[in-house]
Amino acid sequence: MKQSGTTERRLRRYNAELDRLMQVGRQTGDDVTAFMRVAVRSLTAMLQVERASIWLLRNDDTALHCECLHEAPDDRLSSEGILNALDFPSYFEAFKTARVIAADDARTDPRTCEFAVGYLDVLDIHSMLDAQIRDLSGLRGVVCCEKTGEQRPWHEEDVAFAGAVAEYIGLAMELSERQRNADRLRESNEQLREAVLQAEQARTAAEAANRSKTEFLANTSHELRTPLNGILGGVTILRLGVGPAETTEWLDTIDRSGRSLLHTINAILDAAALQDGTLAVDVSRFDIGQAAAEAISVGGPANFRDDIVVQALDRGLMEVTADYRKTVQVLASLVENAFKFAGHAPRVRVEPGTSGTVRICVEDDGPGVPPGSETTVFERFSQVDGSSTRSHGGTGLGLAVSRELAELMGGELGYRAAESGGACFWLQLPDAASQDGSVN
C-alpha cells in the first residue's frame, strides 16, 4: 500500500512537471536550445540524478555529440563530448532499437558496459536511463540520465517520464525545423519577388532606353536634314542669282544652318568620346566673359547677337580655370537653347558661385522646365517633348553632354526656375584666383 502511494505521488509530480514543460515549450517557441536547458534541469530535479544530457545523432549515424549537459551538484551547463559509433557499437545498436534503455547497473548491463572504463568509473556513475529523441524525420538523438555514487533502480514511471521529456524535445526540434523551413521559404519568396521586381524594372528600363534611342535616331535625322536642307537650298538659290538683300539673307541662313549642323555633330562625337572615356580636357586660365561672348556668337542667331550683353556682378570674378573650347561649347548650347525656347535674346550674367567657383547664368523668358523634369532634362536622349516634329528641335544630347563636359572640367551644370517663369541654366567653374590660392 505504501509503495502504491509513493508511485501515485511520483506520477502526479511527473505529470505536473510535464504540463510545466509544455508551457515552457510554448514560451520558448523555436528556441530549441533554451528548451533543452530547461529539460535537462527538469530531469536532474525530478529523477534526482546528478547528470542529465541531450545527445544528437549526426546525419550519417556515426556519432552522437553532446548538445546540452546539466551537472546538478554545481548547476553547471555545458555542451562538450562526442561518442563515436565504432567505439561503442553495443550501445549504438541498443539505443537505435529500443525506445528506452533503463540500466540499473550500467557497469554490467551489456548495453552500457562499454562505458565502464574511462567514463562510468571516472565519474562514479552507477545507473543510466536513456530515451530516444525522435521527430517526423526519425531518430534524432538520445536523452541520458545518470546516477552517481550508488545504483538507482528505475521505476516504470521514471522510464515513462524520461521518455515523455525526450518526446517533448523531439517535438520542439520538429517545430523549430518547420519554423526554419518557413523562414527560408519566406526569405526565398521575398528574394524571388525582389528578383521579379528587378527583372521588371530592368525590362521597363530597357524598353525605355530602346524608345529613347529610337527617338534619338529620329530626332538626329531631323536635326541633320534640316540644316543640310538650309545649306543646300541656300547654295542653289545663290547660284541662280538674287539681289543683295536676298543674298545676305540666304548667307545668314547658310551660316545659321552650318553652325546648327556643326553643333549637332559635335554633340554626337562628344557623347561617344565621353562614353568611351577618351575625351581629354585642356585646362587653362581665361576670362569667362570672353568665352561667353564667343559662345553668344556661336549659339545666337546673327540678328540677335548684338542684343546680348554679359553682365558681371563682380568684375573680380571673371577668370576661371577650365577648358576654353569646351566652356564655349557648353555656353553656346545654353544660349542656343534659350533662343530656341524663348525666341529672343536671353540674359547672361556672371556671379559668385559656391566656395571657390564662378557661375555664369543663361536665363530666358520661355516656358521653363515642367516640375518633375528638372533632373531628366540632363539625361541622355531625354527631352521634355520627345516628338521629332516638335517645334523646338534638338537631339536630346545637348544638356547631357554639356553637364558631362562641365564635370570633366571640375565644374557643374545646373538648373533653376527663373523669376520670370522661364529657365535659368548655369555653368559653374573653378575660380582661377581660388585655384592660385590653393596652390599657395
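Residues numbered from 1 in each chain as written. Predicted model: local features only at pLDDT ≥ 70, side-chain atom pairs only at ≥ 80, totals over all residues. Heavy atoms only, no water.

K.L.:
Residue-level account of the overall build of the chain, with values.
P.N.:
Broken down by element type, the chain carries 10 helices and 14 strands. Counting only carbon and sulfur atoms, one obtains 52% of the accessible surface of the chain, whose full area is about 23,000 Å². (Helix = DSSP H or I, 4+ residues; strand = E, 2+ residues; numbered from the N terminus. Areas by Shrake-Rupley, 256 points an atom, 1.4 Å probe, with all protein chains shown as cover.)

K.L.:
Could you give me a rundown of the packing of aromatic side chains, with the residues and numbers involved?
P.N.:
For any two aromatic rings, the description comes down to two numbers: the centre-to-centre distance and the angle of the planes. For the structure shown, the criterion picks out 9 aromatic pairs. Judged by centre distance (4.6 Å) and plane angle (35°), the rings of Phe88 and Phe115 are tilted. One end of the pair, Phe88, is in the loop between β4 (82–84) and α3 (89–97); the other, Phe115, is in the loop between β5 (100–103) and α4 (116–123), and 27 residues separate them in sequence. We classify Phe88 as buried; its relative accessible area is 16%. Seen in terms of ring centroids, Phe92 and Phe95 are 5.7 Å apart; in terms of plane orientation they differ by 70°. Their pairing is edge-to-face. Residue Phe92 and its partner Phe95 are both found in helix α3; the two are separated by 3 residues, about one turn of the helix. Through pairs of rings, three or more aromatic residues link up here, namely Phe88, Tyr91, Phe92, Phe95, Phe115 and Tyr119. (Phe/Tyr/Trp six-rings, centres within 6.5 Å; stacked < 30°, edge-to-face > 60°. Buried < 20%, exposed > 50% of the residue type's maximum accessible area, 1.4 Å probe, protein only.)

K.L.:
Requested: an account of the packing of helix α7 (residues 288–299) against helix α8 (residues 324–342), with residues and values cited.
P.N.:
Where α7 meets α8, the closest approach of the two axes is 8 Å, and the angle between their N-to-C directions is 50°. Regarding the angle of α7 to α8, the classification is oblique. Here the hand of the crossing between α7 and α8 comes out right-handed. Between α7 and α8, the contacting residues are Ile288, Gln290, Ala291, Ala292, Glu294, Ala295, Ile296, Val298 and Gly299 on the first element and Tyr324, Arg325, Thr327, Val328, Leu331, Ala332, Val335, Glu336 and Phe339 on the second. (Axes fitted to C-alpha atoms, helices over the stretch in contact; angles between N-to-C directions. Parallel < 35°, antiparallel > 145°, perpendicular 65-115°, else oblique. Left-handed = near helix turned anticlockwise from the far one by under 90°. Contact = heavy atoms within 4.5 Å.)

K.L.:
Could you give me a rundown of the pattern of salt bridges, with the residues and numbers involved?
P.N.:
On inspection of all chains with the given rule, the structure shows 28 salt bridges. Salt-bridge contacts for Arg203 lead to Glu200; the nearest nitrogen and oxygen are separated by 2.3 Å. Within this pair, Arg203 and its partner Glu200 are both found in helix α5 (residues 156–240), separated by 3 residues, close to a single helical turn. Under the relative-accessibility criterion, Arg203 is labelled partly exposed at 39%. A salt bridge links Glu351 to Arg416, with the nearest nitrogen and oxygen atoms 3.8 Å apart. (Salt bridge = Lys/Arg side-chain N within 4 Å of Asp/Glu carboxyl O.)

K.L.:
Give a detailed account of the environment of Gly410, specifying residues and quantitative values.
P.N.:
Mapped onto the fold, Gly410 is located in the loop between α9 (398–408) and β13 (412–417). Taking the C-alpha atoms as reference, Gly410 lies 7.0 Å from Pro430; in sequence the two are 20 residues apart.

K.L.:
So what about the packing of α8 against α9? Which residues, and what values?
P.N.:
It is the contact of α8 with α9, at a shortest axis distance of 10 Å, that shows an interaxial angle of 150°. As the angle between them shows, α8 and α9 are arranged roughly antiparallel. The way α8 lies across α9 gives a crossing that is left-handed. Mapping the contact onto sequence places Lys326, Gln329, Val330, Ser333, Leu334 and Asn337 in α8 and Gly398, Leu399, Ser402 and Leu405 in α9. For the contact of α8 with α9, the per-class residue count stands at 4 nonpolar, 5 polar and 1 charged. (Nonpolar A, V, L, I, M, F, W, Y, C, P; charged D, E, K, R; others polar.)

K.L.:
A description of the environment of Pro371 should follow, citing residues and the corresponding values.
P.N.:
Positionally, Pro371 belongs in the loop between β12 (357–363) and α9. Sequence-wise, Pro371 and Ala417 are 46 residues apart; in three dimensions their C-alpha atoms are separated by 9.6 Å.

K.L.:
I'd like a description of the nonpolar core, backed by residues and values.
P.N.:
In terms of nonpolar packing, the biggest core is built from 42 residues, with Ile288, Leu331, Ile360, Phe425 and Leu427 touching the most fellow members. When residues of this core are assigned to their parent elements, the largest contribution, 9 residues, is made by α8. Core analysis: the second largest hydrophobic core is formed by 33 residues, Tyr14, Met46, Leu56 and Tyr168 among them. (Core = buried A, V, L, I, M, F, W, Y, C linked by side-chain atoms within 4.5 Å.)

K.L.:
Give a detailed account of the confidence of the model for the chain, specifying residues and quantitative values.
P.N.:
Segments scoring low in pLDDT should not have their predicted coordinates read at a detailed level. Looking at the chain as a whole, the pLDDT averages 83, with 86% of positions reaching at least 70. This stretch, residues 384–396, has a pLDDT under 50; its non-local contacts, to residues over four places away or in other chains, come to 34 contacts. (pLDDT = per-residue confidence, 0-100.)

K.L.:
Please provide a residue-by-residue account of helix α2 (residues 32–47), values included.
P.N.:
Helical periodicity: at 3.6 residues per turn, an α-helix aligns residues three or four positions apart in one direction. Compared with an ideal rise of 1.5 Å per residue, which puts 16 residues at 22 Å, α2 spans 22 Å between its outermost C-alpha atoms and is within 8% of the ideal. Restricting attention to buried positions, one finds in α2 the residues Val32, Phe35, Met36, Ala39, Val40, Ser42, Leu43, Thr44, Met46 and Leu47. Just downstream of α2 lies Gln48, where phi reads positive at about 55°. (Expected span 1.5 Å × (residues − 1).)

K.L.:
Please give an account of α3 that cites residues and values.
P.N.:
Among the residues of α3, those classed as buried are Tyr91, Phe92, Ala94 and Phe95. Relative to the axis of α3, the buried residues are bounded by an arc of 165° and lie together on one face. Away from its buried face, by an angle of more than 90 degrees, α3 presents the exposed residues Glu93 and Thr97. Looking at the packing, one finds that the buried side of α3 touches β1 (51–57), β2 (63–71), β4, β5, β6 (125–135) and β7 (138–148). (Arc of directions from axis to C-beta.)

K.L.:
Before we move on, could you go through unusual backbone geometry and cite the residues and values that matter?
P.N.:
The backbone of Gln48 sits at a positive phi, close to 55°, despite the residue not being glycine. Its place among the elements puts Gln48 in the loop between α2 and β1. The phi dihedral of Asp124 falls on the positive side, at around 60°, and the residue is not glycine. For Asp124, the position within the fold is in the loop between α4 and β6.

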